[in-house]
Structure formats: C-alpha cells, structure tokens
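Topology and contacts: notes
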Amino acid sequence: DTGVSQDPRHKITKRGQNVTFRCDPISEHNRLYWYRQTLGQGPEFLTYFQNEAQLEKSRLLSDRFSAERPKGSFSTLEIQRTEQGDSAMYLCASSYAGGGLGNEQFFGPGTRLTVL
Amino acid sequence: AQTVTQSQPEMSVQEAETVTLSCTYDTSESDYYLFWYKQPPSRQMILVIRQEAYKQQNATENRFSVNFQKAAKSFSLKISDSQLGDAAMYFCAYRSYSGGSNYKLTFGKGTLLTVNP
C-alpha cells in the first residue's frame, strides 16, 4: 500500500459548477477525515467517518457540501454550486482505530480547487 | 474549543545549526496529544513527532525533539543539525485524548522554515 491517495490533484472550475473529489485511504484504516486548507492557514477539520458512518461535521461544512464513504472504503466530497470562497486545498487523512499512540492520521497529497 | 497558536510565520536556519519553532495552545482538557507535522512544498503532510500530555518526558525522534511545558501550555519543536530537506511548513496540532467525536486535529497556522546552505 502506497498511502492515502486523492484524485484529482488539481481542479479548476467556474463558479456555480459542482465538483467531486475522491479519497482512497490506506486499506486497513477505518477512520477517514476531510480537512480544508486555505492559503496561509493550517488545515481545518470538515468531517470524519468511522467505517461508513459520518460521525461529525464541522460548521464549515455548509449545505452545499456533502461527503460519503460507501462501504467504508473510499470517500467522496462533493461541493455543489461552487463559490470563489471554496478555493482551497482539500486534504484527506486516514487512521486505524486502536492502532498506535494517538491513532496517527496519514495525509494524502490533497486536491487543490480553484473556483474562477 | 481548543486553539493552537504558532507565533512565528517564518523562520530561517543555517544548515547544520539548531532551530526552535514555537507553539502554544489553549485547552481545558487534562489529557490530549500534541503533534508536529511537516508539509514540504507540493508534498503531503507527514508526522514529525507526537507527545502525550500525561507523559512528563519530552518526545525525541532522531534530530527532532520537543519541549513540552504542560502548565504553560507550550509545545516547541527543536530541530538539531538542520538539513536542506528540513525546509518545509511546520504545523503544530492538538487532539483530544478521549474518543467519540474528538479524533479531529486542530492545527496552528504554521511556520515556514527555510534552511540556508
């Protein structure tokens, strides 16, 4: 296993369009997280799954955002009716419940979204 | 809610020298984890070092060590014998010790470290 992968790496879209990002976690990891990182800021938590259940959503996740993790494997993050303020790096991370001190989160390379 | 503050937006160090990055945090919890993550340019974030709040001993990983001051809520990272490959954005992060919905990481704004040859 080569780690957490995300697709696409870059996405340019026009305001008002819908976009969908995919995250493939490390295969044995049952927890999956989405974060958003804007320029000059640290990553901010968006949402978290344990297996297929979405257990927490940040207030940052407006109604235009939806995330899924069917069958507890890969996850998708969809943004509807994109706005220029959605431009950011979207990071995915995964961890194994019960594994290691602090249940270390392994991060993917991110998807950079630019909304024109 | 917990907050993490990194007061140094940028730092620079000469190759082979030592540099210390600062981090303070605010929490009402007694048990938690603290982390330093490294994010090289255009590359994914990797864990550098972690500290459990219940441990008094400071964590060390090769050239990386921390100075954890629980009462002062301070968690600094020391990089010894700096190498060109250490150049990156460094993020300090906090995570609650308890489970449930508290597995999320809370990050500071980061410190951009430049290593000069």
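Just so we're clear, the structure is a prediction, and the values are computed from it rather than from any experiment. (Residues numbered from 1 in each chain as written. Chains lettered and ligands numbered in written order. Predicted model: local features only at pLDDT ≥ 70, side-chain atom pairs only at ≥ 80, totals over all residues. Heavy atoms only, no water.)

1. Considerations on the sheet that holds strand E8 (residues 75-79) of chain A
Residue and element names in this part refer to chain A. The strand order across the open sheet built from four strands is E1-E3-E8-E7, with neighbouring strands paired in antiparallel fashion. This sheet does not close on itself; its edge strands, each paired only once, are strand E1 (5-7) and strand E7 (65-68). Adjacent strand axes in the sheet meet at a mean angle of 15 degrees, parallel and antiparallel pairs treated alike. Relative to strand E3 (residues 19-24), E1 is paired through three bridges, and the arrangement is antiparallel. Pairing of Ser5 across the sheet is with Asp24, part of E3. (Pairing = 2+ DSSP bridges. Helix = DSSP H or I, 4+ residues; strand = E, 2+ residues; numbered from the N terminus. Axes fitted to C-alpha atoms, helices over the stretch in contact; angles between N-to-C directions.)

2. As for the state of the cysteines
Counted according to the given criterion, the structure contains two disulfides over all chains. Shown here is the disulfide that connects Cys23 of chain A with Cys92 of chain A, its sulfur atoms set 1.8 Å apart. In this structure the cystine formed by Cys23 of chain A and Cys92 of chain A twists about its S-S bond by roughly -70 degrees; its chirality is therefore left-handed. Taken together, the residues Cys23 of chain A in strand E3 and Cys92 of chain A in strand E9 (residues 88-95) connect sequence positions 69 residues apart. Take Cys23 of chain A and Cys92 of chain A: they sit in the same class, and that class is buried. The disulfide bridge from Cys23 of chain B ends at Cys92 of chain B, spanning 2.0 Å between sulfur atoms. Negative torsions about the S-S bond denote left-handed disulfides, and the value of about -70 degrees found for Cys23 of chain B with Cys92 of chain B makes this one left-handed. In this pair, Cys23 of chain B is assigned in the loop between strand E3 (19-21) and strand E4 (24-26) and Cys92 of chain B in strand E10 (residues 88-96), connecting sequence segments 69 residues apart. Across the pair, Cys92 of chain B and Cys23 of chain B agree in class, each one buried. (Disulfide = S-S within 2.5 Å. Buried < 20%, exposed > 50% of the residue type's maximum accessible area, 1.4 Å probe, protein only.)

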